[in-house]
Amino acid sequence: MNRIKWVNRSQPQTLYSAVLLSYFSAVFLLLGARVEWQVAVDILEAIVSLAASDRTAQNLADAVVPAAVTLLLGGAFVVGGIGTSSERRWGHWLCSSAAVYSTIATLWWGARFGLALGVFMRLMFDALLLVLLFHPISRSHRRVWFT
């Protein structure tokens, strides 16, 4: 049985850097979205109060969905990074999916609200993560070593 690894220095530099960048992406995503520990409690309270009040499903969606998507995407970056460093195919797939989704969401946000400096920086990190994950060296290592 393989141990779970946070980082794996025996992997190629492109894959090792992609794992570290996925962790940094999760941290900066959560910091940039101002997600606090109280968010999970707020989500639960909003779901419970839906039945007890006249709040509509749209009000619930406006309050809960952005925080939930941010938490899920941050979790996907972390779990995908762990899976990738542990040389698991599902980990690489999850990390790649999170990077693709994050890139598309950042492009949508920039098109809708304008390309501010923060959006441009986020887009650069997303593009770099995609390049590192889909680099030929990373792909060949994944084909040979990942289970």
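As a reminder, the structure under discussion sits directly above these lines.
Conventions adopted
- Each residue is numbered by its place in its chain's sequence as written, counting from 1.
- Only residues with pLDDT of at least 70 get local features here, since the model is predicted, and only at 80 or more are side-chain atom pairs given and counted; chain-wide, interface and lining totals rely on the full set of residues.
- For the side-chain quantities, the full set of heavy atoms in the structure was used; hydrogens and water were omitted.
- Numbering goes from the N terminus for both helices and strands, where a helix is a DSSP run of H or I of at least four residues and a strand is a run of E of at least two.
- In this analysis, the expected span of each helix is defined as 1.5 Å times one less than the number of residues it contains.
- With a 1.4 Å probe rolled over the protein chains alone, any residue whose accessible area is under 20% of its type maximum counts as buried; one over 50% counts as exposed, and the rest are partly exposed.
- A 1.4 Å probe that fits but cannot get out identifies a cavity on a 1 Å grid over protein atoms alone, an open set with protein on both sides within 12 Å along at least five of seven lines counts as a pocket, and a residue lines either if it has an atom within 4 Å of a point.
- Grid points are joined across faces, edges and corners, and a volume is the space filled by probe spheres set on the points.
- Classification of ring pairs uses Phe, Tyr and Trp, with its six-membered ring standing for Trp, and accepts pairs whose centres are within 6.5 Å; under 30 degrees between planes counts as stacked, over 60 as edge-to-face, and the remaining range as tilted.
- What counts as an axis is a line fitted to C-alpha atoms, over the stretch in contact for a helix, and the angles between N-to-C directions run from 0 to 180 degrees.
- Orientation categories follow fixed angle ranges, with anything under 35 degrees roughly parallel, anything over 145 roughly antiparallel, 65 to 115 roughly perpendicular, and all other angles oblique.
- If you view the pair so one helix is near and one far, a crossing is left-handed when the near helix is turned anticlockwise from the far one by less than a right angle, and right-handed when it is turned clockwise.
- For this analysis, residues touch if any pair of their heavy atoms sits within 4.5 Å.
- Polar here means any residue outside two lists: the nonpolar Ala, Val, Leu, Ile, Met, Phe, Trp, Tyr, Cys and Pro, and the charged Asp, Glu, Lys and Arg; Gly therefore counts as polar.

### Some words on helix α1 (residues 13–32)
With 20 residues, α1 extends 27 Å between its outermost C-alpha atoms, agreeing within 8% with the 28 Å of an ideal straight helix rising 1.5 Å per residue. When α1 is considered as a whole, its buried residues turn out to be Thr14, Leu15, Tyr16, Ala18, Val19, Leu21, Ser22, Tyr23, Ser25, Ala26 and Leu29.

### A short note on the layout of surface pockets
Each pocket or cavity is described by its volume, and for the largest pocket that value is around 830 Å³. Taken together, 22 residues line the largest pocket, and the ones lying closest to its centre are Leu29, Thr70, Ala105, Thr106 and Trp109. When contributions to the lining of the largest pocket are tallied by element, the ones reaching two or more residues are α1, α3 (57–85), α4 (89–113) and α5 (117–133).

### Things to note about the packing of aromatic side chains
Tallying each qualifying case throughout the model produces 4 aromatic pairs. Between Trp109 and Phe113, the ring centres sit 4.3 Å apart and the planes meet at 50 degrees, which makes this aromatic pair tilted. Of this pair, Trp109 and Phe113 both sit in helix α4, 4 residues apart, which is roughly one turn of the helix.

### A few points about the packing of α1 against α5
Taken N-terminus to C-terminus, the directions of α1 and α5 make an angle of 150 degrees; their axes are 9 Å apart at the nearest point. As judged from the angle between their axes, α1 and α5 are roughly antiparallel. Of the two possible hands of crossing, α1 and α5 adopt the one that is left-handed. Counting all contacts with α1, which are made through Thr14, Ser17, Ala18, Leu21, Ser22, Ser25, Phe28 and Leu29, the residues of α5 involved are Arg122, Phe125, Leu128, Leu129, Leu132 and Leu133.

### Some details on unusual backbone geometry
The phi dihedral of Glu87 is positive, around 60 degrees, even though this residue is not glycine. One can find Glu87 in the loop between α3 and α4. On the basis of relative accessibility, which here comes to 18%, the residue Glu87 falls in the buried class.

### Remarks on the packing of α4 against α5
The interhelical angle for the contact between α4 and α5, taken along N-to-C directions, is 150 degrees, at an axis separation of 9 Å. Compared by their axis directions, α4 and α5 come out roughly antiparallel. The element α4 and its partner α5 pack so that their crossing is left-handed. Along its contact with α4, which presents His92, Cys95, Ser96, Ala99, Val100, Ser102, Thr103, Thr106, Leu107, Trp109 and Gly110, the element α5 presents Val119, Arg122, Leu123, Asp126, Ala127, Leu129, Leu130 and Leu133. Looking at side-chain class alone, the contact of α4 with α5 contains 11 nonpolar, 6 polar and 2 charged residues.

Read these as geometric descriptors, not functional statements.
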